[in-house]
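# Survey of secondary and tertiary structure
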Number of protein chains: 2
Amino acid sequence: MQSFTEENYLKIIYHLSLNTESAAQTNAIAERIQTKAASVTDMIKKLADKKLVDYKKYQGVKLTESGKNAAINIVRRHRLWEVFLVEKLNFKWDEVHDIAEELEHIKSPELIERLDEFLAFPKNDPHGDPIPDKNGKLDNTVFIKLSKLKTGDKGLIMGVSEHSSVFLQHLEKVGLTLGKQIRITEITDFDGSVELSIENKQINVSREVAKHILIKI
Amino acid sequence: MQSFTEENYLKIIYHLSLNTESAAQTNAIAERIQTKAASVTDMIKKLADKKLVDYKKYQGVKLTESGKNAAINIVRRHRLWEVFLVEKLNFKWDEVHDIAEELEHIKSPELIERLDEFLAFPKNDPHGDPIPDKNGKLDNTVFIKLSKLKTGDKGLIMGVSEHSSVFLQHLEKVGLTLGKQIRITEITDFDGSVELSIENKQINVSREVAKHILIKI
DNA sequence: CTATAAGTTTAGACAAATCTAAAAAAATAT
DNA sequence: ATATTTTTTTAGATTTGTCTAAACTTATAG
Ligand SMILES: [Mn+2]
Ligand SMILES: [Mn+2]
Ligand SMILES: [Mn+2]
Ligand SMILES: [Mn+2]
């Protein structure tokens, strides 16, 4: 069983490794975990001793099979708790991440299975991210960034790739929430900002925002 | 804000001080918290520095007003989570304590207020213990031990004063659960064991068990 | 009232996770 | 190819919470 801290490292390494084959770098981990590179090196050694990561000096780290399983489990817990907070306790989607950061470390496997059942086995968390099942299986459908669409394209909002509170609150305010249908009406030449129609309203989002909205056509 | 460990000490000191005016003793704390007396002394000093306990060497500790508030808050969280686990996730009353020991340390006050609301502001936990309200107010009705009743006395089971899994499972098995009405039919001379009728059945419980069942007449 | 026992504290050490500063390796630029 | 910059690691210190062994205080028994 891993400590609270070890779990945080595993999860960060997992996220850093998601869309790449290359190893996670010390500095990248340090930045995400809000610590110093020296501390990361220490922890990496410890995780390597426990066979949770493969580590070669100066070459970064990769999760082993067993490390990856542990990480996916943490992700599962995090996302199930987020669903609970939004669906049952009526938190908004921008308020749940920090609380889930704590709840994800509660160890009882029985608790998570029952929570999953209580929530009716949700497939996605409030941000559209897939929830691994109890065997660690994970839907890895990849959605298209809104910023890749062309004028006239239609689609459904399926997720976001940025989870900060300001960003999520902004989306909420302009009505860009999960499940909504959108159609691109224009892409501004000058700044690449996207004009789109959603529920009979016309709104404009910056290219920066559009990059972090995930669409299913 | 207190650490996980500090919170555990505060809670134990609170429980040890409940039915007494005298200070909590080092060894008693050590035993409850599964540590050594020397460690307790160290932690007590730290809590005293933080004005959470009053401490005079060799004289034990008492919670200050602020320490007591913190402790009651932890008790509130513990008991609300226990209700959640039993009412919403269908855990049995003997299965929830250890999980609640972890959940009680999740810090968000907003989370607890919403959980309280979600559970419809329960007054008691699954073991009959009162849940402090958000201002720390706590129903301190004292119930009578089943072992104090005389032949012919009737009453309702309101709580237990022993929370071990074996004990709770035993009560479950013989049908002595919260809210049930009982009537004492005989008290055995030989061993003081109690014969009682409950839902038209006759059962016998040892004096030791009877001491830990709390009754409202 | 003194001797012994029980309970508590101190001193010094240790493990986990962190940090700063300096050294070493790798990447990049000229 | 060499110099410079960036990244990573090491060395040594620090903090939190723990431990053992020894010293000290308080309680108890004769
Ligand atoms: Mn999150
Ligand atoms: Mn999420
Ligand atoms: Mn409990
Ligand atoms: Mn309880």
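Residues numbered from 1 in each chain as written. Chains lettered and ligands numbered in written order. Predicted model: local features only at pLDDT ≥ 70, side-chain atom pairs only at ≥ 80, totals over all residues. Heavy atoms only, no water.

## Re the coordination of the manganese ion (ligand 1)
Ideal geometry at a metal gives 109.5 degrees between four tetrahedral donors and either 90 or 180 degrees between six octahedral ones. All names here are of chain A. Protein-derived ligands of the manganese ion (ligand 1) are His 78 (NE2), Glu 82 (OE) and His 97 (ND1), with the metal-ligand distances lying across 2.0 to 2.1 Å. The sequence motif formed by the donor residues of the manganese ion (ligand 1) is H-x3-E-x14-H. Between the manganese ion (ligand 1) and the manganese ion (ligand 2), both coordinated by Glu 82, there is a metal-metal distance of 3.5 Å. Note that Glu 82 is positioned in helix α4 (residues 65–88) and His 97 in helix α5 (residues 97–103), a separation of 15 residues in sequence. The exposure class of Glu 82 is buried, given its relative accessible area of 1%. (Donors = N, O, S within 2.8 Å, 3.2 Å for Na, K, Ca; no water. Helix = DSSP H or I, 4+ residues; strand = E, 2+ residues; numbered from the N terminus. Buried < 20%, exposed > 50% of the residue type's maximum accessible area, 1.4 Å probe, protein only.)

## Quick word on the protein's contact with DNA strand D
Taken together, the neighbourhood of DNA strand D is formed by 21 residues, with Lys45(A), Tyr55(A), Lys57(A), Thr35(B) and Lys46(B) sitting nearest. Backbone atoms, meaning sugar and phosphate, form 79% of the atoms of DNA strand D found within 4 Å of the protein. At a separation of 2.9 Å, a phosphate oxygen of DNA strand D approaches a polar side-chain atom of Thr41(A). The side chain of Ser39(B) places a nitrogen or oxygen atom 2.8 Å from a phosphate oxygen of DNA strand D. Elements with a contribution of two residues or more to the surface near DNA strand D: α2 (26–33) and α3 (37–49) of chain A together with α1 (4–17) and α3 (37–49) of chain B. For the surface near DNA strand D, the element with the most residues is α3(B), which contributes five residues. In terms of residue class, the surface near DNA strand D is made up of eight nonpolar, eight polar and five charged. (Near = heavy atom within 4 Å. Polar contact = N/O pair within 3.5 Å; in protein donor to acceptor, adjacent residues only side chain to side chain. Nonpolar A, V, L, I, M, F, W, Y, C, P; charged D, E, K, R; others polar.)

## Quick notes on the interface of chain B and chain A
The partner chain A presents 20 residues to the 20 residues of chain B that form the contact. Here chain B and chain A share an interface that buries about 1600 Å² over both sides, 75% of which is from carbon and sulfur atoms. Where chain B packs against chain A, one counts zero salt bridges. Where chain B meets chain A, there are six residue pairs in polar contact (both at pLDDT 80 or more). At the level of elements, α4 (65–88), α5 (97–103) and α6 (109–118) of chain B are the ones that each hand at least two residues to the side of chain B that touches chain A. The biggest single contributor to the side of chain B that touches chain A is α6(B), with five residues. (Contact = heavy atoms within 4.5 Å. Buried area = accessible area lost by both parts, 1.4 Å probe. Salt bridge = Lys/Arg side-chain N within 4 Å of Asp/Glu carboxyl O.)

## Section: unusual backbone geometry
Residue and element names in this part refer to chain A. Residue Tyr 58 is not a glycine yet carries a positive backbone phi of 70 degrees. Tracing the backbone shows Tyr 58 in the loop between β1 (53–55) and β2 (61–63). The backbone of Phe 121 sits at a positive phi, close to 50 degrees, despite the residue not being glycine. The residue Phe 121 is located in the loop between α6 (109–118) and β3 (144–145) in this model.

## Some thoughts on the domain arrangement of chain A
In terms of domains, chain A is made up of domain 1 (4–63) and domain 2 (144–216). Taken over C-alpha atoms, the centre of domain 1 of chain A sits 33 Å from the centre of domain 2 of chain A. (Domains from an automatic or database assignment.)

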